[in-house]
Amino acid sequence: MKFKGWAYIYTIGCQMNVYDSAKLLSVLKFLGYSETKSLEEADIVVCNTCTIRHKAQEKAYSFLGRLSKLKKKKPHLISVIAGCVAQQDGEKSLKRLPEIDIVLGTQSFSRFAELIDQVKSGRSNIVDIEPRETIFEVMPDASDVNQNEISRFVTIMQGCENFCTYCVVPYVRGKEKSRRPEAIIEEIEQLCKYGIQEVTLLGQNVNSYGIKENDISFAKLLKRVSSIDSMKRIRFATSHPKDLSDELIYAIRDLEKVCFHLHLPVQSGSDRILKRMNRGYTQKTYLEMITKLKKECPNIAISTDLITGFPSETREEFQETLNLMKAVEFDSVYAFSYSDRPITPAMKFDGKIDEAEKLSRLNELFELQKFYTEKNNKKLIGKIEPVLVEGKSKKKMKVEGEPVKEFQNIINTTQMMGRTESNKIVHFQGCNIRPGMVIDVRIENAYPHSLWGIV
Ligand code: 5AD
Ligand code: SF4
């Protein structure tokens, strides 16, 4: 294909957006574009957006503001807003930024090439946010895996129908749809051919994979992926506690390649708040799940998502979240202060909490979690952990493990980093070790964000 120009893709948001950007890049490559990391050089710029919280949405519009200025200087530049903000705002995004050529919704990727053609023949301000039945025709190009890349995301389902009252995802990602297992396996086999060793299977709620389609269960899909010889490690996200099946717990326990790590977002420790969030479980049932999980899979790492300051959350109810954290002792926590999202029911809820209070609860929560993350990391001292090597360390540590100034320019060539099955970062000293190898590392020391070990 003749070179048609440079493409710049700016991705905001979750792992699914990273995957979606790879899909958009594969369309652009098919049309003759090559990827550039320089915005100024680009002939087409795509901003793949996120709207999960207000801040993410504003990050998109601020980048698009920069892009508008660039387009004034370079009129042939094709500008695209893609993903969740595009789907949410549609025509409205053009009011904020009239210079945009294409508003590409989350289910419109299969029309991307055609819309670029339309812009080239003189059209602008095209909005395509139609919900569609089939959305898995566009696949990322496995051949662009680079030499040091060892891990990739693969989307196995799209959309969500859980309608948690604070969440915009069901409105911007549409109805839940599972991808055919054959297509998933084919994509993973391709990735293996290009040297990928670890795959993370993505969906808003992987536990309900295949149910609507009457296809195989998620646990059975894990088994199929496990049978791909050259795939070394399998991760997945996200599981919804209300659908965590025994079959999945046993699959994590029994399938060697499935990592001993579960991300199980709880959001709150208070039953009243969980009900108002429409989560479909209580603190008690969540804790029962954790007990079962820890019994079947001892030493499994558990992470979660939490929201502070959901409308009408009292200090006592927030304290219940802290109590739950103490009971579970999570390995890591992703926590956010509640953000009002358009269209969601919670936006109309009374009892909105003051910003400063939401942030103060968030900080209190992070402070508590620091203790448990370090405690769990310290449990690994003296243990031999299989580590999937990712590359050279960006951090420099002394041999005895004390971290020194982060991100120094000089990289110690023998200092490498990788991840344990539980997804913890390990820096270690070693020679003749290449990315992609799984090696046994003895953990010597533990810090809040990483481990130090020797081979
Ligand atoms: N405000 C704050 N956090 C939110 N999340 C989703 N919607 C909101 C919101 N309106 C968080 C949830 C979810 C994670 C991906 O983002 O914790 O699990
Ligand atoms: Fe949002 Fe709830 Fe669906 Fe997760 S399960 S994407 S929080 S609606």
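Throughout this description, residue numbers start from 1 for each chain and increase along the sequence as written. Note on labels: chains are lettered from A, ligands numbered from 1, in written order. Where local features are concerned, this predicted model is filtered to residues with pLDDT of at least 70; where side-chain atom pairs are given and counted, the filter is 80 or more; whole-chain, interface and lining totals use all residues. Note: side-chain values were computed over all heavy atoms of the structure, leaving out hydrogens and water.

1. Considering the overall build of the protein chain
Labels follow the DSSP assignment, with helices taken as runs of H or I lasting at least four residues and strands as runs of E lasting at least two, numbered in each case from the N terminus. Each helix and strand in the protein chain was counted, giving 13 helices and 19 strands. Throughout, the radius of gyration refers to the C-alpha atoms, and the reference size of a globule is 2.2 Å times the residue count to the power 0.38. In terms of C-alpha radius of gyration, the protein chain reaches 23 Å, essentially the compact-globule figure of 23 Å for 455 residues. Expressed as a percentage of its 455 residues, the buried residues of the protein chain come to 55%. Put simply, 74% of the contacts in the protein chain that link residues at least 6 apart link residues at least 24 apart. For accessible areas, the Shrake-Rupley method is used with a probe of radius 1.4 Å. Any residue's cover is judged against the shown protein chains and nothing else. Taken as a whole, the protein chain presents about 20,600 Å² of accessible surface, with 53% of it coming from carbon and sulfur. The protein chain carries 68 positive and 60 negative side-chain charges, and their two centres are separated by 3 Å. Only protein chains enter the area calculation, which uses a 1.4 Å probe; residues under 20% of their type maximum are buried, those over 50% are exposed, and those in between are partly exposed. Pairs of residues are marked as contacts when any of their non-hydrogen atoms sit within 4.5 Å. Charge counting follows a simple rule: Lys and Arg are positive, Asp and Glu are negative, and His as well as the terminal groups are ignored. The atoms used to mark charge sites are NZ of Lys, CZ of Arg, CG of Asp and CD of Glu.

2. Description of unusual backbone geometry
Ala237 connects to Thr238 through a cis peptide bond whose omega is 5 degrees. Mapped onto the elements, Thr238 comes out in the loop between strand E11 (233-237) and helix H9 (246-254). Its identity as a non-glycine residue notwithstanding, Gln267 has a phi of 75 degrees, on the positive side. Backbone geometry places Ile343, a non-glycine residue, at a positive phi of 75 degrees. Residue placement: Ile343 occurs in the loop between strand E14 (332-337) and helix H13 (355-378).

3. Brief notes about the site of ligand 2
Nearness is defined per residue: one heavy atom within 4 Å of the molecule or strand is enough. Every residue lining ligand 2 is accounted for by Cys160, Asn162, Phe163, Cys164, Tyr166, Cys167, Val169, Pro170, Gln204, His240 and Arg279. Looking at the shell around ligand 2 residue by residue, the classes come out as seven nonpolar, three polar and one charged. Throughout this entry, Asp, Glu, Lys and Arg are counted as charged residues, while Ala, Val, Leu, Ile, Met, Phe, Trp, Tyr, Cys and Pro are counted as nonpolar. The remaining residues, Gly among them, count as polar.

4. A closer look at the environment of Pro98
One can find Pro98 in the loop between helix H4 (91-96) and strand E5 (102-104). Counting along the chain gives 96 residues from Pro98 to Tyr194, while the straight-line C-alpha distance between them is 41 Å.

5. A short note on the sheet that holds strand E3 (residues 44-49)
Two strands qualify as a pair provided DSSP detects at least 2 bridges between them. If you trace the six strands from one edge of the open sheet to the other, you get E2-E1-E3-E4-E5-E6, paired in parallel fashion. Every interior strand has two partners, whereas the edge strands, strand E2 (33-35) and strand E6 (126-128), have only one. Averaged over all pairs of adjacent strands, the angle between strand axes in this sheet comes to 20 degrees, irrespective of strand direction. Of the pairings in the sheet, the one linking E5 to E6 comprises three bridges and is parallel in character. Residue pairing for E6: Val103 is matched across the bridge by Val127. Axis geometry follows a simple rule: fit a line to the C-alpha atoms, using only the stretch in contact for helices, then measure angles between N-to-C directions, giving values from 0 to 180 degrees. Here helix H2 (residues 54-73) sits on the sheet in contact with strand E1 (5-11), E3 and strand E4 (78-83), set at roughly 170 degrees to E3.

6. Considerations on the packing of helix H12 (residues 315-328) against H13
Two elements in contact, H12 and H13, have axes separated by 10 Å at closest approach and are oriented at 15 degrees. Between H12 and H13, the crossing angle belongs to the class labelled roughly parallel. Every pair of crossing elements has a handedness; the one defined by H12 and H13 is right-handed. Seen from H12, the contacting residues are Arg315, Phe318, Thr321, Leu322, Met325 and Lys326; seen from H13, they are Glu357, Ser360, Arg361, Glu364, Leu365, Leu368, Gln369 and Tyr372. Of the residues assigned to the contact of H12 with H13, the class counts are six nonpolar, three polar and five charged. Just so you know how the angles are binned, under 35 degrees is roughly parallel, over 145 roughly antiparallel, 65 to 115 roughly perpendicular, and the rest oblique. By definition, turning the near helix anticlockwise from the far helix through less than a right angle yields a left-handed crossing, and turning it clockwise yields a right-handed one.

7. Focus: the packing of helix H11 (residues 283-296) against H12
Between two packed helices, what matters for the description is the angle formed by their axes and the separation of those axes. The N-to-C vectors of H11 and H12 enclose an angle of 15 degrees; their axes lie 11 Å apart at closest approach. The angle between H11 and H12 falls in the class roughly parallel. H11 and H12 meet at a crossing whose hand is right-handed. Facing H11, whose interface residues are Gln283, Tyr286, Leu287, Ile290 and Lys294, H12 presents Glu320, Leu324, Ala327 and Val328. Its residues assigned to classes, the contact of H11 with H12 shows six nonpolar, one polar and two charged.

8. Concerning the domain arrangement of the protein chain
Domain boundaries in the protein chain define domain 1 (5-128), domain 2 (142-378) and domain 3 (384-454). Of the residues lining the interface, 18 residues belong to domain 1; the matching set on domain 2 comes to 25 residues. Taken together, both faces of the contact between domain 1 and domain 2 bury some 1,900 Å²; the carbon and sulfur share is 55%. Salt bridges are identified by distance alone: a Lys or Arg side-chain nitrogen within 4 Å of an Asp or Glu carboxyl oxygen. Our enumeration of links across domain 1 and domain 2 arrives at two salt bridges. Linking Lys29 and Asp144 is a salt bridge whose minimum nitrogen-to-oxygen distance equals 3.4 Å. Polar contacts, as counted here, are pairs of nitrogen or oxygen atoms within 3.5 Å of one another; within protein the pair requires one atom able to donate a hydrogen and one able to accept it, and residues that are adjacent in sequence qualify only if both atoms are side-chain atoms. On inspection of domain 1 and its partner domain 2, the count reaches ten residue pairs in polar contact (both at pLDDT 80 or more). Mapped by element, the contributors of at least two residues to the side of domain 1 that touches domain 2 are helix H1 (15-30), H2 and helix H3 (84-89). Considering every element that reaches the side of domain 1 that touches domain 2, the biggest residue donor is H1, with eight residues. Classifying every residue of the side of domain 1 that touches domain 2 gives six nonpolar, nine polar and three charged. Domain segmentation is taken from an automatic or database assignment of domains. By buried area we mean the combined loss of accessible area, with a 1.4 Å probe, across both parts when two parts are placed together.

9. Description of the sheet that holds strand E13 (residues 301-308)
The sheet built from three strands is open, its strands ordered E12-E13-E14 with parallel pairing. Here the strands that pair on one side only, and so sit at the sheet edges, are strand E12 (261-263) and E14. In this sheet, adjacent strand axes meet at a mean angle of 15 degrees when their direction is disregarded. Judged from the six bridges that link them, E13 and E14 form a sheet pairing that is parallel. Across the sheet, residue Ile307 finds its bridge partner in E14, namely Phe336.

10. Remarks on the nonpolar core
As used here, the term nonpolar core means buried Ala, Val, Leu, Ile, Met, Phe, Trp, Tyr and Cys residues forming a set that is joined through side-chain atoms within 4.5 Å. Counting 57 residues, the largest nonpolar core has Ile188, Leu201, Phe218, Leu222 and Phe236 as its most contacted members. Those residues in contact with Phe218, other than ones at most four positions away along the chain, are Ile156, Leu201, Val206, Tyr209, Phe236 and Leu248.

11. As for the side chain of Thr344
The topology assignment puts Thr344 in the loop between E14 and H13. Here the side chain of Thr344 touches Arg341 through a polar contact of 2.8 Å, landing on its backbone oxygen. Excluding residues within four positions of it along the chain, Thr344 makes contact with Thr165, Tyr166, Cys167, Val168 and Tyr171.

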